[in-house]
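# Examination of the molecular architecture
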Amino acid sequence: MDSWRWRGVPFYIRAGKCLPVTATEMVLRLRKPPTMYKDFNLTANYLRQRISPDVGIALGINGVSLESDSASRTVELIASRHPDAGEMDAYERVLGDAMAGDPTLFAREDYVEEAWRIVDPVLKSGTPVYEYEPKNWGPREAEQITPAGGWQNPVVTA
């Protein structure tokens, strides 16, 4: 991001095949809030936005624990939208639009070329590829670049 507001802010991307959960989401972890209570162990608040497989937004905030007035726990406020029964999923919609000749959901050639201009040097940089067992969160080597506060693994609820 070329903006003074985001300068120095790390971005971590984790992607893979055959992970325990198939989801596309973004988590914005905020700075840990100050507290006037010395024994109050606060965690960083966060904003989580999910765009696949369901659509939702969640705000994780510190709340007072029900067990003790001097302890906190993270509470997540969630707003979500699940597809209606007759609604097409993303692939059905794209294929239907392709068969109907509607190019709205497809990237233009100049966009694709620009994306390759950005990504190609990364692919050619010789970054090592690490294998991992299916249905886990990736190779051990990935834990060496864990963001502050750790990874927040997505959960899919039925």
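Given 3.6 residues to a turn, an α-helix orients residues that are three or four positions apart in the same direction. Sitting at the head of helix 1 (residues 90-100), D89 places a side-chain oxygen 3.1 Å from the backbone nitrogen of Y91. Looking one or two residues past helix 1, G101 carries a phi angle of roughly 80°, positive in sign.

Together, W6, V9, F11, M26, L28 and L30 give the surface a local cluster of nonpolar side chains, amounting to about 500 Å² of exposed area. Considering the arrangement of structural elements, one finds V9 in the segment before strand 1 (24-29).

Quick look at the pairing of strand 2 (residues 46-52) now. Of the strand pairs in this sheet, strand 1 and strand 2 are connected by six bridges, and their pairing is antiparallel. Among the inter-strand pairings, M26 is bridged to a residue of strand 2, identified as Q49. Strand direction decides the pairing type here: strand 2 and strand 3 (residues 55-64), joined by five bridges, are antiparallel. When the sheet's bridge partners are listed, Q49 is paired in strand 3 with I57. Linking strand 2 to strand 3, which pair antiparallel, is a turn of two residues.

As a further point, take the packing of aromatic side chains. The final tally for this structure, using the stated rule, is two aromatic pairs. Plain terms: the ring middles of W6 and F11 are 5.9 Å apart, the flat faces sit at 50° to each other, and that makes the pair tilted. Taking relative accessible area as the criterion, W6 reaches 31% and is therefore assigned partly exposed. Where Y12 meets W151, the ring centres are 6.1 Å apart and the plane angle is 85°; that geometry is what we call edge-to-face. Remark: W151 occurs in the segment after helix 2 (109-124) and Y12 occurs in the segment before strand 1; sequence separation between them is 139 residues. On the basis of relative accessible area, Y12 is assigned to the partly exposed category, the value being 40%.

Criteria and cut-off values
- Residues numbered from 1 in each chain as written.
- Predicted model: local features only at pLDDT ≥ 70, side-chain atom pairs only at ≥ 80, totals over all residues.
- Heavy atoms only, no water.
- Polar contact = N/O pair within 3.5 Å; in protein donor to acceptor, adjacent residues only side chain to side chain.
- Helix = DSSP H or I, 4+ residues; strand = E, 2+ residues; numbered from the N terminus.
- Patch = residues over 30% accessible without salt bridge, like charges linked within 9 Å, V, L, I, M, F, W, Y side chains within 5 Å.
- Areas by Shrake-Rupley, 256 points an atom, 1.4 Å probe, with all protein chains shown as cover.
- Salt bridge = Lys/Arg side-chain N within 4 Å of Asp/Glu carboxyl O.
- Pairing = 2+ DSSP bridges.
- Phe/Tyr/Trp six-rings, centres within 6.5 Å; stacked < 30°, edge-to-face > 60°.
- Buried < 20%, exposed > 50% of the residue type's maximum accessible area, 1.4 Å probe, protein only.

Nothing here speaks to function; it is geometry throughout.
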